[in-house]
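Residue-level listing of the chains:
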Amino acid sequence: MCSYIVEKAALVGSAKGRKGWMRIDTANVYFDHPYYSTLDHVLAIDFTNEGEGGRDRVAIELSADSARALVDRILAALASGEIAHPSAPAAIDAQPARQDAVRQEAVR
Amino acid sequence: MSAYQGLQAESVTFHGHGGDGGEAYYARPLRAGKFPGIVVIMHLPGWDEWIIEVTRKFAHHGFAAISPHLYFREGAGSPDDIGARVRAAGGVADEQVMGDVAGAIDYLRAQPNANGKIGIIGFCSGGRHAYLAACKLAGIDAVVDCWGGNVIVDNPKDLNAKRPVAPIDLTEKLSSPLLGIFGNDDQNPTADQVDRTEAVLKKLGKNYEFHRYDAAGHAFFNTARDAFRPEQAMDGWRKVFAFFNRHLATSAAGVAAE
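Residues numbered from 1 in each chain as written. Chains lettered and ligands numbered in written order. Predicted model: local features only at pLDDT ≥ 70, side-chain atom pairs only at ≥ 80, totals over all residues.

Participant: What should I look at first to understand the overall build of chain B in this one?
Facilitator: Of regular secondary structure, chain B possesses 6 helices and 8 strands. Mapped in sequence order, the helices and strands of chain B form the string β-β-β-α-β-α-α-β-α-β-β-α-β-α. The C-alpha radius of gyration computed for chain B amounts to 17 Å, which stays within 12% of the reference 18 Å derived for 258 residues, consistent with globular compactness. For chain B, the spread of C-alpha atoms along the principal axes amounts to about 55 × 40 × 35 Å. Within the span of chain B, comprising 258 residues, buried residues form 49% of the whole. In chain B, 69% of the contacts between residues at least 6 apart in sequence involve partners at least 24 apart. (Helix = DSSP H or I, 4+ residues; strand = E, 2+ residues; numbered from the N terminus. Rg over C-alpha atoms; globule rule 2.2 N^0.38 Å. Buried ≥ 20, exposed ≤ 12 C-beta atoms within 10 Å, placed from the backbone. Contact = placed C-beta atoms within 7 Å.)

Structure (structure tokens):
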């Protein structure tokens, strides 16, 4: 059954879609029936810029297992990347909650 | 000799809730005659190719069918992008959908090929909308709910301004015969929810028939999904056409072979 459950994440970043690169400020995340995939259910993410009306999006549809694997790899990439680049501006912008941690590490 | 099999299918403008003009897909047989009308209600992901194919399938079987694009108010764009925006906004309100279905019925009735009978079919969230339409709208002669979830709402927190009432609570007002098609492996509606819906229909003395399929889950008619179950789907389609022919046909000219 189609659900109406959408998890929203505020983002600072950019994505490349049909019209080229665009700034994004939101990810709408849901686990439901796909539009394109043949799977019964997919983890879907729509990257949009709601500040500019949200009409354009970059969309992905993933199987549940591969979505979980992706989450794991994202966290792994952040962990290794932040060790290599302890004061990376992208990390500071994208994750206000981590901003203090990164800055504290830089001070030490 | 079998009936001439030509059909015409095209985008048309209909007037839905609040008199808003929107896009719909309309398919009908080209041969002479009067035909029952069918409103095909899409599912939440959007006005997709499968729903368009289903609309043409009804025309092939001797019905004049219309599928309103329930998200037309979002403006131009691909149906998947529009569907994503509507989802992010929490979906469409039941009241608006009912107005759009009523507008689609009006469109069918206004056509010179109309035999005066109207059926409604919906899939997934559209199945719920079909059930709701049969309880809320006048002038419907038969309704088919294909695996509509949330007809029963167990958690009151799932009700909101857009979906304020559980359809099951309106069952007393169900005014047309109802056909229900369900997969026993579906998680929404579950087999238990289907049983409970049937119990309410039975208690209220409604005209209904439910068909449950083993080894089938949600959306098992959908040829674009791994959920497709050809044997169960073929049997289900036969039941859908038999049901609509029984309740909507007014002459042999209006129906095709199943």
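Moving on from the coordinates now.
Participant: Is there a simple way to think about the interface of chain B and chain A in this case?
Facilitator: Buried accessible area, meaning the area lost when the parts come together, often serves as the stated size of an interface. Contacts between chain B and chain A engage 27 residues on the former and 15 residues on the latter. With 7 residues, helix α2 (residues 79-88) of chain B is the single largest residue contributor to the side of chain B that touches chain A. Across the side of chain B that touches chain A, the residue classes tally to 9 nonpolar, 11 polar and 7 charged. (Nonpolar A, V, L, I, M, F, W, Y, C, P; charged D, E, K, R; others polar.)

Participant: Looking at this structure, how should I read the sheet that holds strand β5 (residues 114-123) of chain B?
Facilitator: One key point about sheets: their strands pair by backbone hydrogen bonds, in either a parallel or an antiparallel sense. All names here are of chain B. Pairing in this open sheet of 8 strands is mixed, and the strands run β1-β2-β4-β3-β5-β6-β7-β8 from one edge to the other. Single-partner strands in this sheet number two, and they are β1 (7-15) and β8 (208-213). Strand-to-strand, the axes of this sheet are offset by a mean angle of 20 degrees, without reference to chain direction. Across the sheet, helix α5 (residues 191-203) lies against β7 (178-183) and β8, angled at about 165 degrees from β8, the strand it touches most. (Pairing = 2+ DSSP bridges. Axes fitted to C-alpha atoms, helices over the stretch in contact; angles between N-to-C directions.)

Participant: Would you mind showing me how to read the nonpolar core here?
Facilitator: Across soluble globular proteins, you tend to see nonpolar side chains buried next to one another. If you look at the biggest cluster of nonpolar residues, it comprises 70 residues, and the most contacted ones within it are V40, I66, V101, I120 and A134 of chain B. The greatest single-element share of this core, amounting to 7 residues, is contributed by helix α3 (residues 94-109) of chain B. Setting aside residues no more than four positions away along its own chain, I120 of chain B makes contact with V39, I41, V101, A130, A133, A134, I140 and V143 of chain B. Core analysis: the next-biggest nonpolar cluster, separate from the first, contains 7 residues, I24, V42, L43 and I45 of chain A among them. (Core = buried A, V, L, I, M, F, W, Y, C linked by C-beta atoms within 7 Å.)

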